[in-house]
Amino acid sequence: EDGLEVAQDVFNMASGMLDGNQHMEQVNWSLPLEPLKIVLPLWLGLRKNDCHGSKLRIFVYDTGNYSAGSVFCSAGQWGVEVAFHRYFAASACRTEDPEEA
């Protein structure tokens, strides 16, 4: 994995290409766009969430190199763990102070 910034750049480029394509129905390409519009931007830190208006505070540990393959792992048996980590890392619920959590 080349890092989060590279993943964000590739995602933005791919999204732009899909958004600009007006011929997906003509070529019978039925790619599900929901994960691209909702889930992946959260996981990549491109879309913040408001924690659904909750006052909940979550401290998210910096996992360093241990999270290098998290996008790959998100499709396997550890997918829920990756989803929670990514969700809270990009969340308004996140705090940098573990005592506040």
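Residues numbered from 1 in each chain as written. Predicted model: local features only at pLDDT ≥ 70, side-chain atom pairs only at ≥ 80, totals over all residues. Heavy atoms only, no water.

### Some words on the pattern of salt bridges
With the rule as written, the count across this model stands at 2 salt bridges. With its nearest N and O atoms 3.7 Å apart, the salt bridge here joins Glu96 to Arg94. Arg94 sits in the partly exposed class, given a relative accessible area of 26%. (Salt bridge = Lys/Arg side-chain N within 4 Å of Asp/Glu carboxyl O. Buried < 20%, exposed > 50% of the residue type's maximum accessible area, 1.4 Å probe, protein only.)

### Remarks on the side chain of Gln8
Relative to the helices and strands, Gln8 resides in helix H1 (residues 4–20). Since its relative accessible area comes to 17%, Gln8 is described here as buried. Polar contacts involving the side chain of Gln8 include one to the main-chain carbonyl oxygen of Leu44, which spans 2.6 Å. Sequence-distant contacts of Gln8, defined by excluding residues within four places in its chain, comprise Leu44, Gly45 and Leu46. (Helix = DSSP H or I, 4+ residues; strand = E, 2+ residues; numbered from the N terminus. Polar contact = N/O pair within 3.5 Å; in protein donor to acceptor, adjacent residues only side chain to side chain. Contact = heavy atoms within 4.5 Å.)

### Some points on the packing of aromatic side chains
Summed over the entire model, instances satisfying the criterion amount to 1 aromatic pair. The interplanar angle of 85 degrees and the centroid separation of 4.9 Å between the aromatic rings of Phe59 and Tyr61 together place this pair among those described as edge-to-face. A residue is classified by how much of its surface remains accessible, and Phe59, at 25% relative accessible area, is partly exposed. (Phe/Tyr/Trp six-rings, centres within 6.5 Å; stacked < 30°, edge-to-face > 60°.)

Purely geometric numbers; function is a separate question.
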